[in-house]
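Listed below, chain by chain, are the residues.
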Amino acid sequence: MSAMNEMVKVDDKAIIAEAEGAVETLARVKAGVGKVIFGQESVVERSLVTILSGGHGLLVGVPGLAKTKLVETLGTVLGLDARRIQFTPDLMPSDIVGSEVLDQAGDGSRSFRFIRGPVFAQLLMADEINRASPRTQSALLQAMQEYHVTVAGQRHDLPRPFHVLATQNPLEQEGTYPLPEAQLDRFLMQIDVHYPDLASERRILLETTGAGEARAAAVLSAERLAAMQALVRRMPVGETVVEGILELVRSCRPMEETDDITRHIAWGPGPRASQALMLTVRARALLDGRLAPSLDDVQALAEPVLQHRMALTFAARADGMTIAQLIGKARARIG
């Protein structure tokens, strides 16, 4: 028994030492992103939490809020191969995953060769994902879930780590194909991008319209990021946080016994939401320089993790209720 306790202590010390090194590195990551992206601290934090958790994010905001610039900057700072796909109604699955071409050698022999599509990246920006047809959307979302593509019966593994940050315009819905609920559930978080505050917009004006412009520099490598993602999964989570997550998620589902929240919900989050919260609260704690998450992390990430996994009843929509209001009520229960 004493030998086992000694092993546990050694492992705890190793996690603490690794976490302290990760905290210092992540502080440099945030500083590197902050040189290019002004304001939007919440958006940057949630994007980094999504990547540290090993998941994919859905950025929702009107045009011109630096969503593309954010993904490009994150790719540079995190040392990832970043690419961008502009989704359009005529985009085909082969335009994303790649296709086979027929090659002819000098001796006249012929063979098929696979040409990789832009999905073979470590950080992929799917710009205006709801503008592509469901067939093309599903090709990308399958790659997000399975981490490989299959072309002509052959499996092709995607690079690791592999993350997708997709964008959606919440205003213009004409000619779009909204993502079905089952596909939305594949995104770890929905990250709402709002207008910058006055001070941030002033800085944007002064620093991006001159002769020189700040550029991001690499802080991490793909291998170091993968090690941090593994560390996040090893971080301890207290029983209070576990119970808080369970209570929060379960209170946002339609139940037989209705209350002030559940009677307004048509359908709610499944166990994948609980898993997402377990990962993201750990990542947020590490990003904030802490070695274990708290209920404050659960409350801070409740809305981005749950809002795209819920739907209101018709009566609730008619009464002017919003999902954010219901999540706020659910958060108050665990406060």
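Above this note sits the structure.
## So, the overall build of the protein chain
No. 1: In terms of helices and strands, the protein chain carries 13 helices and eleven strands.
No. 2: The globule rule puts the C-alpha radius of gyration for 335 residues at 20 Å, and the 22 Å found for the protein chain is close to it.
No. 3: Along the first, second and third principal axes, the C-alpha atoms of the protein chain reach 70 × 60 × 55 Å.
No. 4: A sequence separation of at least 24 residues applies to 77% of the contacts in the protein chain between residues at least 6 apart.

## Let's talk about the sheet that holds strand E8 (residues 163–168)
No. 1: If you walk across this open sheet you meet the five strands as E2-E5-E8-E1-E9, and the pairing is parallel. Each edge of the open sheet carries a strand with a single partner, namely strand E2 (82–86) and strand E9 (189–192). Strand-to-strand twist in this sheet, taken as the mean axis angle between neighbours without regard to direction, amounts to 20°.
No. 2: Summarising the sheet, E2 and strand E5 (residues 123–127) pair through five bridges and their orientation is parallel. Each bridged residue has a counterpart across the sheet, and for Arg83 the counterpart in E5 is Leu124.

## Details of empty space enclosed by the protein
Empty space among the atoms becomes visible once a probe the size of a water molecule is rolled across them.
No. 1: Tallied over the entire structure, the rule returns one cavity of 30 Å³ or more.
No. 2: The computed volume of the largest cavity comes to approximately 30 Å³.
No. 3: Around the largest cavity, the lining residues are Leu26, Leu48, Ile51, Leu52, Leu78 and Leu225.
No. 4: Here the lining of the largest cavity takes three residues from helix H2 (residues 41–52), the largest share from any one element.
No. 5: Partitioned by chemical class, the residues of the lining of the largest cavity number six nonpolar, no polar and no charged.

## Description of helix H11 (residues 295–306)
One turn of an α-helix holds 3.6 residues; hence residues three or four places apart share an orientation.
No. 1: Here H11 spans 16 Å end to end across twelve residues, near enough to the 16 Å set by a 1.5 Å rise per residue.
No. 2: Of the residues making up H11, those classed as buried are Asp297, Val298, Leu301, Ala302, Pro304, Val305 and Leu306.
No. 3: Buried positions along H11 lie against H2, E9, helix H9 (239–250), helix H10 (271–287) and helix H13 (323–334).

## Let's talk about the side chain of Gln307
No. 1: By secondary structure assignment, the location of Gln307 is in the loop between H11 and strand E11 (311–312).
No. 2: A relative accessible area of 14% means that Gln307 is categorised as buried.
No. 3: Only 3.1 Å separates the side chain of Gln307 from the backbone oxygen of Gln190, close enough to count as a polar contact.
No. 4: Excluding residues within four positions of it along the chain, Gln307 makes contact with Gln190, Asp192, Ala302, Ile323 and Ile327.

## Things to note about the packing of H9 against H11
No. 1: Where H9 meets H11, the closest approach of the two axes is 10 Å, and the angle between their N-to-C directions is 30°. Here H9 lies roughly parallel to H11, going by the angle between them. Between H9 and H11 lies a crossing whose hand is right-handed. In contact with Thr240, Val241, Gly244, Ile245, Leu248 and Val249 of H9, H11 contributes Leu295, Val298, Ala302 and Leu306.
No. 2: Counted by class, the contact of H9 with H11 contains eight nonpolar, two polar and no charged residues.

## Remarks on the environment of Leu26
No. 1: Relative to the assigned elements, Leu26 resides in helix H1 (residues 2–34).
No. 2: Considering only alpha carbons, one finds Leu26 and Arg234, 208 residues apart in sequence, at a separation of 17 Å.
No. 3: The residues contacting Leu26, other than those within four sequence positions of it, are Leu52, Met228, Leu286 and Leu287.

## Topic: the packing of aromatic side chains
The geometry of an aromatic ring pair comes down to the distance between the two centres and the angle between the two planes.
No. 1: Taken as a whole and judged by the stated rule, the model has two aromatic pairs.
No. 2: For the pair Phe114 and Phe120, a centre-to-centre distance of 5.9 Å together with 70° between the ring planes defines the contact as edge-to-face.
No. 3: A relative accessible area of 4% means that Phe120 is categorised as buried.
No. 4: Between Tyr147 and Phe162, the aromatic rings sit 6.2 Å apart at their centres with planes inclined by 85°, giving edge-to-face as the arrangement. Note that Tyr147 is positioned in the loop between helix H5 (134–146) and strand E6 (148–151) and Phe162 in the loop between strand E7 (154–157) and E8, a separation of 15 residues in sequence.

Cut-off values and rules
Residues numbered from 1 in each chain as written. Predicted model: local features only at pLDDT ≥ 70, side-chain atom pairs only at ≥ 80, totals over all residues. Heavy atoms only, no water. Helix = DSSP H or I, 4+ residues; strand = E, 2+ residues; numbered from the N terminus. Rg over C-alpha atoms; globule rule 2.2 N^0.38 Å. Contact = heavy atoms within 4.5 Å. Pairing = 2+ DSSP bridges. Axes fitted to C-alpha atoms, helices over the stretch in contact; angles between N-to-C directions. 1 Å grid on protein atoms, 1.4 Å probe; cavity = no way out; pocket = protein on both sides within 12 Å on 5 of 7 lines; lining within 4 Å. Points joined across faces, edges and corners; volume = space filled by probe spheres on them. Nonpolar A, V, L, I, M, F, W, Y, C, P; charged D, E, K, R; others polar. Expected span 1.5 Å × (residues − 1). Buried < 20%, exposed > 50% of the residue type's maximum accessible area, 1.4 Å probe, protein only. Polar contact = N/O pair within 3.5 Å; in protein donor to acceptor, adjacent residues only side chain to side chain. Parallel < 35°, antiparallel > 145°, perpendicular 65-115°, else oblique. Left-handed = near helix turned anticlockwise from the far one by under 90°. Phe/Tyr/Trp six-rings, centres within 6.5 Å; stacked < 30°, edge-to-face > 60°.

Nothing here speaks to function; it is geometry throughout.
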